[in-house]
Amino acid sequence: MKKLSELTALAAACALTAVTFCSCGAKEKLSSQSDYSIYEYAGDAESEDYYEAEESAGDNSWNRENSNVSVEKPSANEKYVGYEETGFKDPETEPLSTFSADVDTASYSNIRRIIEDGQAVPEDAVRIEEIINYFDYDYPEPENGEVFGRYAEISDCPWNSSAKLMMIGIQGKRMEQAETPPSNLVFLIDSSGSMSGYNKLPLVQTAFSMLAENLTVKDRISIVTYANSSRTVIDGVPGSEKDSILEGLYSINAGGGTNGEGGIERAYELAEEYFIKGGNNRVIIATDGDLNIGASTGEELTELIESKRDKGIYLSVLGFGTGNLNDENLEALADNGNGNYSYIDSVDEAERVLVQEMSGTIYTIAKDVKLQVEFNPSQVKSYRLIGYDNRIMNAEDFRDNTKDAGEVGAGHSVTALYEIVLADSPASYNGIELEFADQHQQETTVPQNDNRRTELCKLSVAYKDIDTNEDVYLSALFGMEKYSEIPTPAIQLAGAAAEFGMILRDSQYKGNSDFNYITEQLMKIANNEKTEEFLSLSKTAAALYE
């Protein structure tokens, strides 16, 4: 049997060799919006379908109408769920913005794959919050034994001169290796025929090999595969038995149909059988999401996973491959299984998710994490949450402990950006400056000479304690003391990530967002592997879309 290092090197070499391959799909001009709830493409590799582009705002902004770009799109079999963007809200009538925490990063790495393949990004593949949350912002650690630290910063909005950009973040506590609980992990591997590509099953095997190298005798590992039916490869093996785990992994071959339901059922059975009280009990599914036997739709998978999640067993989802990636199914599995969703497009990304950030990926520190921001109408005229469009919650859900929300792992941070228009700003409409701004009445419901509160907003966080299951609520007030004319590298990076997503999504709120501006900002702040890669990706996207 080959050593892990040899296998990893081989996989990396295969990935480099295969870079000359590309997915075949319909070549189309970029569409300003999809007419389908699931993003599917008309035509085949021999046809060309053209869509007229919607005019975008801002004289300096990149827009599809002027780009004259005709770029190959990913395969018609790739499926994405479309979401309507959240627009500006008036704090007089909607003072509360409530949403579920999201630590998924799949959208960014999938977008990276598509752009590096020289293809146009489907608008519905873009989840802006996942692009923002892919990056690290060096938030301060929690203090006084708290689970979360909180952060806020305000700067001028780069794409809308009438607004400010407000960044809020929570930082989860980190775990030292000695603090990590024993793990009961089930590797659930899609071994159907659709997983036969070089960037699918071989990369899955390499990824799980990397994770296995960090397990110890206190951990328990099971491996289940599913094709036409499910198969148990190993069950309950101590993490110290590396040879048995690797031998089991590399004995798997791809072929047959895709009975994901049967595999999920068997994986949870093993997770229950080897359940470790007080430990980390988790199923990690690796698949392209292309299910065709049993439960296969997002709705069916949601019902299946919801029936499993209350047993104290969490779910991580790893997406792989191109051509028939079913992002809809993978997101549904993660969102409803109390877990997170990552897309693995390379050996490097596998190492990041399963080695470098393993604690955040598999060790949950807080359940049902919700954030709520209350805006002060005497200081804020309007606000817009950027992204999180499929994670918006009703205001009353914040204190309803029966409502499911996102889970956060050790060392994970959650970042959100708001575009806010201050009460003393010139009148605007959806962030667009108005010619007759001075003709609009600038009034508030509170008399000018009364005791108006000066804070902009209140940030609240709700979560369930991982050990006691008790509800915990934290809150903090802040205002323009968080504003700086010179933005920190953190908010510059988050703003660049948001702009990148808005351009790719062709957001109606992108203002004068521009790839070249993003590149200029990243050149100032890129100081690690992630940001340097983002800089390169921005340059590639600019050339692709010009």
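Residues numbered from 1 in each chain as written. Predicted model: local features only at pLDDT ≥ 70, side-chain atom pairs only at ≥ 80, totals over all residues. Heavy atoms only, no water.

Draft legend 1. Representation of the sheet that holds strand β11 (residues 314–320) within the structure. The strand order across the open sheet built from six strands is β9-β8-β7-β10-β11-β12, with neighbouring strands paired in mixed fashion. For this open sheet the edge positions go to β9 (230–238) and β12 (341–344), each flanked by a neighbour on one side alone. Strand-to-strand twist across the sheet, computed as the mean angle between neighbouring axes with direction ignored, equals 15°. Direction of pairing for strand β10 (residues 280–287) relative to β11: parallel, over a ladder of six bridges. Bridge pairing in β11 places I284 opposite S316. Across the sheet, helix α5 (residues 201–212) is in contact with β7 (183–190), β10, β11 and β12; its angle to β7 comes to roughly 170°. (Pairing = 2+ DSSP bridges. Helix = DSSP H or I, 4+ residues; strand = E, 2+ residues; numbered from the N terminus. Axes fitted to C-alpha atoms, helices over the stretch in contact; angles between N-to-C directions. Contact = heavy atoms within 4.5 Å.)

Draft legend 2. Structural context of the packing of helix α12 (residues 489–505) against helix α13 (residues 515–525). The geometry of α12 relative to α13 is characterised by a closest axis approach of 10 Å and an angle of 155° between their N-to-C directions. If you check the angle between α12 and α13, you find them roughly antiparallel. Helix-helix and strand crossings are classified by hand; for α12 and α13 the assignment is left-handed. Of α13, the residues touching α12 (which contributes P489, Q492, L493, A496, E499, F500, I503 and L504) are F515, Y517, I518, Q521, L522 and I525. Among the residues forming the contact of α12 with α13, the class breakdown is 11 nonpolar, two polar and one charged. (Parallel < 35°, antiparallel > 145°, perpendicular 65-115°, else oblique. Left-handed = near helix turned anticlockwise from the far one by under 90°. Nonpolar A, V, L, I, M, F, W, Y, C, P; charged D, E, K, R; others polar.)

Draft legend 3. Focus on unusual backbone geometry. Despite not being glycine, Y388 has its phi angle at roughly 60°, a positive value. Within the element layout of this structure, Y388 appears in the loop between β14 (380–386) and β15 (406–409).

Draft legend 4. Layout of the pairing of β11. For β11, a buried count of seven out of seven residues is recorded, marking the element as mostly surrounded by other parts of the structure. Neither face of β11 is left uncovered, since the one carrying Y314, S316, L318 and F320 and the one carrying L315, V317 and G319 both have all their residues buried. Note: β11 against β12, four bridges, orientation parallel. Each bridged residue has a counterpart across the sheet, and for F320 the counterpart in β12 is I344. (Buried < 20%, exposed > 50% of the residue type's maximum accessible area, 1.4 Å probe, protein only.)

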